[in-house]
Amino acid sequence: MGTRTVAVVLAGGVGARLGAGRPKQLLEIGGRPILARAVAAFDAHPRIDEVLVVMASGHLRAAAAIVAPFGKVAGVVEGGDTRTASTVAALEALAGRPDDVRVLFHDAARPFVGAAVIDRVLDALDGDAAVAVGVPSPDTIVVVEDGLVASMPSRETMSRFQTPQGFVLGTIRKAYEIALADPELAATDDCGIVHRYLPDVPIRVVAGDDRNLKVTRPLDLSLAEHIAAEETP
Ligand SMILES: Nc1ccn([C@@H]2O[C@H](COP(=O)(O)OP(=O)(O)OP(=O)(O)O)[C@@H](O)[C@H]2O)c(=O)n1
Ligand SMILES: C[C@](O)(CO)[C@H](O)COP(=O)(O)O
C-alpha cells in the first residue's frame, strides 16, 4: 500500500463575522450544507484515502449527521478556540500515523474546492513538504501602519492564499511542536506556522481557483448561492 493521504476539514469556527447565529458550515448553499460540500470534494477524490472533520464544540452531533453519507470520513473530533487550535486537535487525532502520511488542511468554509486544485496540491507534495494554494490579487495590496502606507509590495509578487494546504505529516507536526512552545503563537493558516517555525522548509505555491471562496461575510453567501446555481446537476 502506498503513502496514505488524509484530508482534514476544519469546521471548528463559529462564524462570528457572518453572524448567522450558528456555525456557518451548517448553513445550506444551493440546498446543501456548506460542510457537506467541503467534505464531498475530498470524499469523491480518488487520491484521498480518508477524511477527518474537526467541528466546533457543541455541534459534533450535527456534523456527524451531515457527514454520515460519506464513506471516507473516519471521524469527527472537537476543535479548539482558534483555527490553529483546531489544526492541533487534528494533529492529535493523527498522532499514531507515520511521518510520511500526507495531510491536507481545508477550511470547511470553502464549499467549492475543485478536484483540479486538490490534484495540484497532491502533485506538488511529490516534491515539496509544504504546499499552499494561491490566487493573484486583483487589488493593489499595501502595508498600513498607524493609518499610513508603510510599504507597497509589487502586486505581481502577491498571492491570496486559499485552502487546502498540504503537508508531509512529519513536517507539519514538527512545525507545530516548535510553535506550541512559543507564547506569542498566532497564525491565520498552517503554512504560516511552517514559514515561521521551520523557515528552511520551502513552501510551494500552486494555482487556486476564484470559485474556491471562503464564506466569511454576509455578501459571500450571495456569491456562494450564485456559484451553486451555476453547477451542472
Ligand atoms: N476555532 C476555529 C476557527 C476556525 N476554524 C475553521 O477554519 C476555517 C476558516 O476560519 P473562518 O473563516 O475564520 O471561520 P470562523 O472562525 O467560523 O469565522 P469567524 O472568524 O467569522 O468567527 C473555517 O472553516 C472554520 O470553521 C476552526 O476549525 N476552528
Ligand atoms: C487559511 C485561510 O483560509 C487562507 O486564506 C485563512 O487564513 C483563514 O483565515 P480565517 O480568519 O480563519 O478565516
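Looking at an unreviewed UniProt entry, one finds the protein chain named 2-C-methyl-D-erythritol 4-phosphate cytidylyltransferase, with Actinomadura sediminis as its source organism. What UniProt states about the protein chain under its Catalytic activity (unreviewed entry) heading is, verbatim, "2-C-methyl-D-erythritol 4-phosphate + CTP + H(+) = 4-CDP-2-C-methyl-D-erythritol + diphosphate". According to UniProt, the comment filed for the protein chain under the heading Sequence similarities (unreviewed entry) is "Belongs to the IspD/TarI cytidylyltransferase family. IspD subfamily."

Caption draft 1: A look at the overall build of the protein chain. In terms of regular secondary structure, the protein chain is built from seven helices and eleven strands. Expected size for 233 residues packed as a compact globule is a radius of gyration near 17 Å; at 17 Å, the protein chain falls within 12% of this value. Seen through its C-alpha atoms, the protein chain measures out along the principal axes to roughly 50 × 40 × 35 Å. Looking at the protein chain as a whole, 38% of its 233 residues qualify as buried. Counting contacts in the protein chain only where the partners sit at least 6 residues apart, residues at least 24 apart contribute 69% of the total.

Caption draft 2: Structural detail: the UniProt feature "site: Transition state stabilizer" (unreviewed entry) in the protein chain. Taken from the UniProt record, the annotation "site: Transition state stabilizer" (unreviewed entry) applies to Arg17 and Lys24. Note that Arg17 resides in the loop between strand E1 (5-11) and strand E2 (28-29). The exposure class of Arg17 is partly exposed, given the 13 C-beta atoms found within 10 Å. Those residues in contact with Arg17 that sit more than four places away from it in its chain are Thr216 and Arg217. Its place among the elements puts Lys24 in the loop between E1 and E2. On the basis of neighbour counts, which here come to 28 C-beta atoms within 10 Å, the residue Lys24 falls in the buried class. With residues near it in sequence (within four places) discarded, Lys24 still touches Gly15, Leu18, Ile34, Ala109 and Val215.

Caption draft 3: Spotlight on the site of ligand 2. The environment of ligand 2 is made up of Arg83, Asp107, Phe161, Gln162, Thr163, Thr188, Asp189, Lys214 and Thr216. Ranked by the residues each element gives to the shell around ligand 2, the list is headed by strand E10 (residues 160-168), at three residues.

Caption draft 4: Fine view of the pairing of E1. For E1, the buried fraction is high: seven of the seven residues fall into the buried class. Burial along E1 is two-sided: Thr5, Ala7, Val9 and Ala11 and Val6, Val8 and Leu10, pointing in opposite directions, are all buried. Note that E1 and strand E6 (residues 102-107) share six bridges and pair parallel. Following the sheet pairing, Ala7 is matched in E6 by Leu104.

Caption draft 5: Structural detail: the environment of Thr216. By secondary structure assignment, the location of Thr216 is in the loop between strand E11 (204-207) and helix H7 (218-230). Separated by 201 residues in the primary sequence, Thr216 and Gly15 place their C-alpha atoms 7.2 Å from one another. Excluding anything up to four places from it in sequence, Thr216 contacts Arg17, Leu18 and Ala109.

Caption draft 6: Summary view of the sheet that holds strand E4 (residues 50-55). Pairing is mixed in the open sheet, where seven strands are placed in the order E5-E4-E1-E6-E10-E7-E11. Each edge of the sheet is formed by a strand with only one pairing partner; in this case those strands are strand E5 (73-78) and E11. Neighbour-to-neighbour, the strand axes of the sheet open up by a mean angle of 25°, direction not taken into account. Sheet analysis places E1 next to E4, joined by six bridges and oriented parallel. From the neighbouring strand, Val6 faces E4, where its bridge partner is Glu50.

Definitions and limits used
- Residues numbered from 1 in each chain as written.
- Chains lettered and ligands numbered in written order.
- Predicted model: local features only at pLDDT ≥ 70, side-chain atom pairs only at ≥ 80, totals over all residues.
- UniProt positions renumbered as here; feature names shortened; annotations may be inferred.
- Helix = DSSP H or I, 4+ residues; strand = E, 2+ residues; numbered from the N terminus.
- Rg over C-alpha atoms; globule rule 2.2 N^0.38 Å.
- Buried ≥ 20, exposed ≤ 12 C-beta atoms within 10 Å, placed from the backbone.
- Contact = placed C-beta atoms within 7 Å.
- Near = placed C-beta within 6 Å.
- Pairing = 2+ DSSP bridges.
- Axes fitted to C-alpha atoms, helices over the stretch in contact; angles between N-to-C directions.

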